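Below, each chain spelled out in residue letters.
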Protein chains: 2
Amino acid sequence: MVSIKDIARIAGVSPSTISRVVNQKKYVKPEIRERVLAVVKETGYVPNNAARSMVLKRTFTVGIVIPDTFNMFQRQLFSTIEHSLEEYGYRTLFFFVKWEEESETRCLRRIQAEKLDGIIMIHEVIHPEFYAYLAKGSVPVVLCTFDRDELALHSIHIDEESAARMATNYLIGLGHTRIGLISGMHFSFGAQRANGYRSALKEAGIRIDENRIVFVPSYSTEDGRAGMLTLLSRLTPISAVFAATDELAIGALRALYESGLRVPQDVSVVGIDDIDIAAYLAPGLTTIRQPIRDMGKRAAEIMAQLIAKSDIDDELSTFGFELVVRESSGTPNAKQIGAQDLPDRASRIEKRS
Amino acid sequence: MVSIKDIARIAGVSPSTISRVVNQKKYVKPEIRERVLAVVKETGYVPNNAARSMVLKRTFTVGIVIPDTFNMFQRQLFSTIEHSLEEYGYRTLFFFVKWEEESETRCLRRIQAEKLDGIIMIHEVIHPEFYAYLAKGSVPVVLCTFDRDELALHSIHIDEESAARMATNYLIGLGHTRIGLISGMHFSFGAQRANGYRSALKEAGIRIDENRIVFVPSYSTEDGRAGMLTLLSRLTPISAVFAATDELAIGALRALYESGLRVPQDVSVVGIDDIDIAAYLAPGLTTIRQPIRDMGKRAAEIMAQLIAKSDIDDELSTFGFELVVRESSGTPNAKQIGAQDLPDRASRIEKRS
DNA sequence: GTGAAAGCGCTAACAC
DNA sequence: GTGTTAGCGCTTTCAC
């Protein structure tokens, strides 16, 4: 492996000069700069990151902690973050963690060994030790798509409860009163979105029937399917279902299909997130869109500022969302209509921020 | 940041001893070992990776080059690889690259700066310089889900052409003769799968009609939709469509839905890959399943062996695949049946390896 | 068994 | 403008 010394020797100058050239510092005579650059090109020299970060005491690396089974929403989020971070000059190291203490502990060890410049959490963890480390302030942290008030960390998210309320209110506005809920047991948004559902019903004066509510262990499509099947098996009539995430909603759609029920004629389905595939389902999924790209960019921006000056310019962290109406929702007992009569995809968008 | 010297000072021994304890070397008196371990635990000392890899001249890092817009198939693949690699003691660094020279060049620079122990390509690249670097042999490489005969690199993949032939033959066996093809322009599998389609038709004595074939720029769902719409607009009758990937198939399903056509009564759709969501679509997608997990594990295994002894134990690299029949396919002009009459998901699986 | 010392590739004072 | 030097945190001979 060719090192800075080799270049120095070949170019007939000192290593410091090479360093100055490579790092675009001034105080190098143009002609020497040219000569060095030529040697660099010729030898294919690329500086060794490990050595650099060792002396600089910076790794130019931010870690992203993300669930092992990250869903499509998180996948879009982390792509955006990765890109933005790269623009700021940081590379990204992913930590896929399972929903279990042992995995988190290992992840924490690894994080510490990496001497990261920053950590972005796209995942809530269980282990208190993990949060204790984050709260210690030894490294900049931003929480993405969730918050922990007690930790006073920077956080990017939407108002989960309001989003769920908007989804539920939309269904109520369509005339539905027998509305089911499928949500997950883990992560705070599961409970927050369930609360939004409850408060929307309450405000509308609709009795909350626990038979119409099911909490599943994960946010997988399979669990969405299982949740819907459970709801169906309870024989409490339902004309619409609010699923706490799009993936859950996709599973619900599948369960309805397997049960021979039509969407939206027999049952309307609404999700949250607006993952890419939502628009390509048949029927297209009505959902609440989170501004994924904006949120990802903002997370990277905050991180970059935190690293540069341990402070951020502006506190914007709660993002707006919007209802995207597609074909999976309609008025209760709507007469069957052919697909060709359906409104355009995302034809009706209702905003709020 | 607590370093090995701090530990040495506190424990009253030399840094070398600490190193020996931490790296589980022998020649340390048990009582000293205990004492050191206690200090390590107490201080929360974690060795600095950068410093280690600097002296060891190994980074314990393998890079995974993957498309910027990786699809769900690739997503499952890289999760598996990441996990297996972790078990072998390697960490993973992702390089998301766009389908353009500039992005590849940047990626190559970054790869070189990282001094990786190995590289797994889940993505074909365009730039010849990139392949030149890989072929140079300065670092172990494994190609995953594609091959480049001229480079003599280790590679993991299925026989793409045979897989496509199996999909097409299945449709032919159902009685279809007017079979469309949607494939992509990039990546070798696009052409290989198209060849499989062609040779299946040829073998069955069915005339190949170029009007039933469309190549789209990417493998996105949107392009699958656009491709299907194009096929439909050509007015050449079609009773079935073979899409070169599941994501393309999902887009095709969507286009059919938008056009008011029923699947499979009016048009059957078959994909390749068996991504997770395929089973949860309505109708469920008939497809060819690639053994994603096995392939991912094997890629990690080969990589680990290559790093350890620059040689592998056994040449297994071409994997089998199987047809998974779901509800998106049926005989041409099948009479409409209710969803409740449909066969169980994946009820019929036809193997081949 | 354990410690002293050298050195991995690089940057940043500090000389000149 | 450029070179010399020290040192980042670690591992590994080589003494003892």
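Given the structure is predicted, the values throughout are model-derived calculations rather than measurements. (Residues numbered from 1 in each chain as written. Chains lettered and ligands numbered in written order. Predicted model: local features only at pLDDT ≥ 70, side-chain atom pairs only at ≥ 80, totals over all residues. Heavy atoms only, no water.)

Caption draft 1: Spatial organisation of unusual backbone geometry. Residues and elements named next belong to chain B. Here the bond from V263 into P264 is cis, since omega is 5 degrees, no more than 30 degrees from zero. Tracing the backbone through its elements, the reader meets P264 in the loop between α11 (246–258) and β9 (268–270). For the bond running from A282 to P283, omega is 0 degrees, close enough to zero to count as cis. Positionally, P283 belongs in the loop between β9 and β10 (287–289). In the Ramachandran plot, L235 falls in the positive-phi region, its phi being about 65 degrees despite a non-glycine side chain. Position of L235 among the secondary structure elements: in the loop between α10 (221–233) and β8 (240–243). Accessibility expressed as a relative area gives 72% for L235, which makes it exposed. (Helix = DSSP H or I, 4+ residues; strand = E, 2+ residues; numbered from the N terminus. Buried < 20%, exposed > 50% of the residue type's maximum accessible area, 1.4 Å probe, protein only.)

Caption draft 2: Representation of the side chain of R225 of chain B in the model. All names here are of chain B. Tracing the sequence through the fold places R225 in helix α10. Looking at R225, the relative accessible area reads 15%, which means it is buried. A polar contact is formed between the side chain of R225 and the side chain of E258, at a distance of 2.9 Å. (Polar contact = N/O pair within 3.5 Å; in protein donor to acceptor, adjacent residues only side chain to side chain.)

Caption draft 3: Structural detail: the domain arrangement of chain A. Domain annotation for chain A reports domain 1 (4–46), domain 2 (55–159 + 292–320) and domain 3 (160–291 + 323–352). The C-alpha-based centres of domain 1 of chain A and domain 3 of chain A are spaced at 62 Å. (Domains from an automatic or database assignment.)

Caption draft 4: Structural view of empty space enclosed by the protein. On inspection of all chains with the given rule, the structure shows two cavities of 30 Å³ or more. Empty space within the largest cavity amounts to approximately 70 Å³. The wall of the largest cavity is formed by H83 and E86 of chain A together with F96, K98, S103, R106, C107 and R110 of chain B. When contributions to the lining of the largest cavity are tallied by element, the ones reaching two or more residues are α5 (72–87) of chain A together with α6 (101–114) of chain B. Per element, the largest residue contribution to the lining of the largest cavity is four residues, and it comes from α6 of chain B. Taken together, the residues of the lining of the largest cavity sort by class into two nonpolar, two polar and four charged. (1 Å grid on protein atoms, 1.4 Å probe; cavity = no way out; pocket = protein on both sides within 12 Å on 5 of 7 lines; lining within 4 Å. Points joined across faces, edges and corners; volume = space filled by probe spheres on them. Nonpolar A, V, L, I, M, F, W, Y, C, P; charged D, E, K, R; others polar.)

Caption draft 5: Local environment of the relation of the copies chain A and chain B. When chain A is fitted onto chain B, the two copies agree to an RMSD of 0.1 Å after a turn of 180 degrees and an axial shift of 0.0 Å. Both copies are brought into coincidence by an operation consistent with a two-fold rotation axis. When each C-alpha of chain A is compared by its distance to the rotation axis, A50 of chain A comes out closest, at 2.4 Å. (Least-squares fit on C-alpha atoms with pLDDT ≥ 70 in both.)

Caption draft 6: Region of interest: the protein's contact with DNA strand D. The environment of DNA strand D is made up of 26 residues, and the closest members are S16, T17 and K29 of chain A together with I4 and Y45 of chain B. Contact distances for DNA strand D include 2.6 Å between a phosphate oxygen and a side-chain N or O atom of T17 of chain A. Elements that contribute at least two residues to the surface near DNA strand D include exactly α2 (15–22) and α4 (49–56) of chain A together with α1 (4–11), α2 (15–22) and α4 (49–56) of chain B. Top element by residues in the surface near DNA strand D is α4 of chain B. It accounts for four residues. Residue classes in the surface near DNA strand D are distributed as twelve nonpolar, eight polar and six charged. (Near = heavy atom within 4 Å.)

Caption draft 7: Inspection of the packing of helix α10 (residues 221–233) of chain A against helix α11 (residues 246–258) of chain A at higher detail. Residues and elements named next belong to chain A. Contact geometry for α10 and α11: axes closest at 6 Å, N-to-C directions at 50 degrees. Here α10 lies oblique to α11, going by the angle between them. Regarding α10 and α11, the two cross each other, and that crossing is right-handed. Note on element contacts: α11 touches α10 through E247, L248, I250, G251, A252, R254, A255, L256 and E258, opposite T221, D223, G224, R225, M228, L229 and L232. Considered class by class, the residues forming the contact of α10 with α11 number eight nonpolar, three polar and five charged. (Axes fitted to C-alpha atoms, helices over the stretch in contact; angles between N-to-C directions. Parallel < 35°, antiparallel > 145°, perpendicular 65-115°, else oblique. Left-handed = near helix turned anticlockwise from the far one by under 90°. Contact = heavy atoms within 4.5 Å.)

Caption draft 8: Structural detail: the pairing of strand β12 (residues 321–325) of chain B. All names here are of chain B. Along β12, five of the five residues are buried, which leaves the element largely enclosed by surrounding structure. Residue alternation in β12 divides its side chains into two sets, F321, L323 and V325 and E322 and V324, and both sets are buried. Judged from the three bridges that link them, β10 and β12 form a sheet pairing that is antiparallel. For R289, the partnering residue across the bridge sits in β12 and is E322. (Pairing = 2+ DSSP bridges.)

Caption draft 9: Region of interest: α10 of chain B. Residues and elements named next belong to chain B. Its 13 residues place the ends of α10 18 Å apart at the C-alpha level, agreeing with the 18 Å of an ideal helix rising 1.5 Å per residue. Among the residues of α10, T221, D223, G224, R225, G227, M228 and L231 are the ones counted as buried. Taken from the residues just after α10, L235 is the one with a positive phi, measuring 65 degrees. (Expected span 1.5 Å × (residues − 1).)

Caption draft 10: Molecular detail of the protein's contact with DNA strand C. Close contacts around DNA strand C come from 26 residues, with I4 and Y45 of chain A together with T17, K29 and I32 of chain B the closest. Within 4 Å of the protein, the contacting atoms of DNA strand C are 65% sugar and phosphate, with bases supplying the remainder. Separating a phosphate oxygen of DNA strand C from a backbone N or O atom of N48 of chain A is a distance of 3.0 Å. The contact in question runs from a phosphate oxygen of DNA strand C to an N or O atom on the side chain of R52 of chain A, over 2.8 Å. Among the elements of the structure, α1 (4–11), α2 and α4 of chain A together with α2 and α4 of chain B are those that each provide at least two residues to the surface near DNA strand C. For the surface near DNA strand C, the element with the highest residue contribution is α4 of chain A, accounting for four residues. Grouping the amino acids of the surface near DNA strand C by side-chain chemistry returns twelve nonpolar, eight polar and six charged.

Caption draft 11: Representation of the pattern of salt bridges in the model. Applying the stated criterion across every chain, the model contains 50 salt bridges over all chains. Between D266 of chain A and R262 of chain A there is a salt bridge, with the nearest N and O atoms lying 2.9 Å from each other. A relative accessible area of 36% means that R262 of chain A is categorised as partly exposed. Each of E222, R225, R254 and E258 of chain A together with E327 of chain B takes part in a single network of salt bridges with overlapping partners. (Salt bridge = Lys/Arg side-chain N within 4 Å of Asp/Glu carboxyl O.)

Caption draft 12: Representation of the nonpolar core. Ranked by internal contacts, the top residues of the largest apolar core, which has 162 residues, are I120 and I277 of chain A together with I120 and I277 of chain B. In this structure, I120 of chain B is in contact with V62, G63, I64, V65, I81, L85, V142, C144, A299 and M303 of chain B, ignoring residues within four places of it in sequence. Ranked by size, the runner-up nonpolar core spans 42 residues in total, among them I119 and L134 of chain A together with I119 and Y133 of chain B. (Core = buried A, V, L, I, M, F, W, Y, C linked by side-chain atoms within 4.5 Å.)

Caption draft 13: Representation of the interface of chain A and chain B in the model. Taken together, the contacts link 52 residues of chain A with 52 residues of chain B. Carbon and sulfur atoms supply 55% of the area buried between chain A and chain B, which totals about 4,700 Å² over both sides. Looking at the side of chain A facing chain B, the largest losses of area belong to R254, Y257 and Y280 of chain A, adding up to 16% of the total buried there. Measuring nitrogen to oxygen at the nearest pair gives 2.9 Å for the salt bridge that ties E327 of chain A to R254 of chain B. Applying the counting rule to chain A against chain B returns 22 residue pairs in polar contact (both at pLDDT 80 or more). Broken down by secondary-structure element, the contributors of at least two residues to the side of chain A that touches chain B are α4, α5, β2 (91–97), α6 (101–114), α10 and α11 of chain A. Here the side of chain A that touches chain B is composed, by residue class, of 23 nonpolar, twelve polar and 17 charged. (Buried area = accessible area lost by both parts, 1.4 Å probe.)

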